[in-house]
Amino acid sequence: MRQFSPVFTPTVIAVLMLLQAPSSFAQTATQTPQTKVQVAPQSLTQQMDQLAASYYKANEPGATVIVTKEGKTIFRKAYGMSDMQAKRVMQPDDVMRLGSITKQFTAVAILMLVDEGKLALSDTVQSVFPDYPDTGKKITIEHLLTHTSGIPNFTSKPSFFAIMDKDISVSDMVASFKNDALEFEPGSAYNYSNSGYFLLGAIIEKISGDTYAKFVEKCLFLPLGMTHTAYEGYERTQYTQAAGHMSNADGFVASKVISMSVPYAAGSLRSSVDDLAKWDAAISAGKLLKPATWKRAFSDYVMSNGQTAHYGYGWSLGQLEASPVIAHGGGINGFSTYALRLPNEKVYVAVLTNSDSGIARPEVLASRLAASAIGKTIPEFTAIKLDEKALDQFAGVYKIDEKNRRSFVRDGDKLIMTRTDGPRTVLQAYAPNAFFIDRQSLLRVEFVRNAQGEVLDAIVHQNGTSVSHPRTTEALPVAPVTVKIAHQVFDRYVGKYQIAPNFILSVSRDGDRYLTQATGQDSVEITALSETTFLAASVPAQLRFDSDAEGKVMQVVLMQGGREVPAKRLP
């Protein structure tokens, strides 16, 4: 299964993540009635508890977790800290930002209007907004729902960070991207776009006559008894909210501020795991929509080129340990979330975490818990050492499709995997022909040999699915040649550089390691290509430090995908 994009996907300079920030309004801490929990077999409960506890530390931001099966809660618990500054321990009913999990609520709201005959999936954007540019004649509601509209993602623009903390009207935000050239012909390709879901929110308002916040409250949350779910800032009741965090060199601190008018229908909702379980129960019972509409929502969209998008309407589609899975994740300032459902086994898992960086990704735990609930175990691996000669046998270019390749190269005693225009990923061997990333990832790669011992294919396994990539005779891309520089040369660059008003890149040295860390992100190691230019280890980007005539370092230029973004050095 594909990795799900956070509500605001990473962009230029590959170290961006998005959506961070504490609540902008006061809350009174109250305890809500706990969900009635069915007692599961003690061994399964202990297994799930031990698994979850192994991912989140008691003295760091943590997580709330729920697992239901056939509509009954079989596991529900909280881990870690709800508020690091206040030293408050996480509780199972704590409310958190959902990030892109919001999109499924937006999709259902649209589909309710479709079922009522007020809208059609084939309606174009321009039919709803006559003043929308001519591109809107080709973009349908269905294109927006499936991320196949071609509208560029507004959160991927370098200018995004300058507006992230500012309140903005729906019309002004739409105006900021509606004149952008389309990235592709609508329906011909998939590219995750928050712009599309923002536009869906505007369509809900235009067709219904209600604000987006009021519509989802009136038509979704109130009928389903979701008392702890709301558009942030439009809460109906008081409840305990977990504080959002991010990691930096000093540990965990409050996350960066974001106006919730910015994510809007793409990521503005808050909820609890208990309310998300109610949401799943309503879906399982076929509430809110016609049966045919639910079926279509969970059908893989087929693009004009005949390929599937692995996405329905607001949900990603794939497999987990050979079982169909419907899921979505979210990443927003201060929070990272993931929820999945196994429709055949009637299992639902939600994991909400209150840090956007520095702690375990929720999708890994959610997947492992779901596997446990259906009696399966996703294996964990122990790294072994392979010599350089053994690693060299896997080096080569492997075909994904006509346009994309997966390359493997040896770097010292490590095997590095890259995808076309993608980041560098360090692999660890767990068997002579098999590799994994680490405990935070479910991806693993197995190489297949013929009878003569020649490597023929690379099989990529993830979440119970396996995709074979045949080896080609294509030459490996020429890798940049790294050099060693004196530490005192690099130390001239140590400091902070401002990419945007709310986005800082910190440069530091840890012994022999050269590091960069963007606001709210984990650190990224860089290596020298020259005394002024450096290569990021885990992302397809380079950094160049520029000095004035006197040799004073003035800025760093982030280079990626043919673009250069300067970041001035701060005093």
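Before reading further, recall that the structure is shown in the block above.
Counting of residues starts from 1 at the beginning of each chain's written sequence and follows it residue by residue. A pLDDT threshold of at least 70 governs which residues receive local features in this predicted model, and a stricter bar of 80 or more applies before side-chain atom pairs are shown or counted, although totals over entire chains, interfaces and linings include all residues. Each side-chain value is derived from all of the structure's non-hydrogen atoms; neither hydrogens nor water enter the calculation.

Draft legend 1. Main features of the environment of Leu-386. Along the chain, Leu-386 turns up in the loop between α11 (362-373) and α12 (388-392). A C-alpha to C-alpha distance of 8.8 Å links Leu-386 and Ala-431, two positions 45 residues apart in sequence. Numbered from the N terminus, helices here are DSSP runs of H or I no shorter than four residues, and strands are runs of E no shorter than two.

Draft legend 2. Quick peek at the nonpolar core. Among the buried residues, those of types Ala, Val, Leu, Ile, Met, Phe, Trp, Tyr and Cys that are joined through side-chain atoms within 4.5 Å form a nonpolar core. We call a residue buried when its accessible area falls under 20% of the maximum for its residue type, exposed when it is over 50%, and partly exposed in between, using a 1.4 Å probe and counting protein chains only. Phe-105, Ile-110, Leu-145, Ile-203, Trp-279, Tyr-493 and Phe-534 are the most contacted members of the largest nonpolar core, which totals 107 residues. The greatest single-element share of this core, amounting to nine residues, is contributed by helix α2 (residues 102-115). Among residues more than four places away in sequence, those in contact with Tyr-493 are Val-507, Glu-531, Thr-532, Phe-534, Phe-545, Val-553 and Arg-569. Core analysis: the next-biggest nonpolar cluster, separate from the first, contains 34 residues, Leu-51, Val-349, Ile-359 and Ile-378 among them. Contacts between residues were defined by any pair of non-hydrogen atoms, one from each residue, lying within 4.5 Å.

Draft legend 3. Spatial organisation of the pairing of strand β15 (residues 405-411). In short, DSSP must find at least two bridges between two strands for them to pair. For strand β14 (residues 396-399) and β15, the ladder comprises four bridges, and the chain directions are antiparallel. Residue Gly-396 lies in a different strand from β15, and its bridge partner there is Phe-408. Between β14 and β15, which pair antiparallel and follow one another directly, the connecting turn spans five residues. In terms of strand pairing, β15 meets strand β16 (residues 414-419) through six bridges, oriented antiparallel. From the neighbouring strand, Val-409 faces β16, where its bridge partner is Ile-416. Taking the residues that link successive antiparallel strands as the turn, the β15-β16 hairpin has two residues, and the phi of Gly-412 there is positive, at about 65 degrees.

Draft legend 4. Here's a closer look at the packing of aromatic side chains. Here the aromatic set is Phe, Tyr and Trp, taking the six-membered ring for Trp, and pairing holds for ring centres within 6.5 Å; pairs whose planes are under 30 degrees apart are stacked, those over 60 apart are edge-to-face, and all others are tilted. A full pass over the atoms with the stated rule returns 33 aromatic pairs. Between Phe-198 and Tyr-264 the ring centres are 4.5 Å apart and the planes differ by 50 degrees, which places this aromatic pair in the tilted class. Separated by 66 residues along the polypeptide, Phe-198 in helix α7 (residues 194-208) and Tyr-264 in the loop between β8 (251-254) and β9 (269-271) bring together distant segments of the chain. Among the residues examined, Tyr-264 registers a relative accessible area of 3% and is labelled buried.

Draft legend 5. How the structure looks around the sheet that holds strand β21 (residues 465-470). Read from one edge to the other, the open sheet built from eight strands follows the order β14-β15-β16-β17-β18-β19-β20-β21, with strand pairing classed as antiparallel. Edge positions in the sheet fall to β14 and β21, since each of these pairs with one other strand and no more. Neighbour-to-neighbour, the strand axes of the sheet open up by a mean angle of 30 degrees, direction not taken into account. As defined by bridge partners, β16 adjoins strand β17 (residues 424-431) across four bridges and the pair is classed as antiparallel. Along β17, the bridge assignment pairs Ile-416 with Val-426. Between N-to-C directions, angles span 0 to 180 degrees; the directions come from axes that are lines fitted to C-alpha atoms, helices contributing only their stretch in contact.

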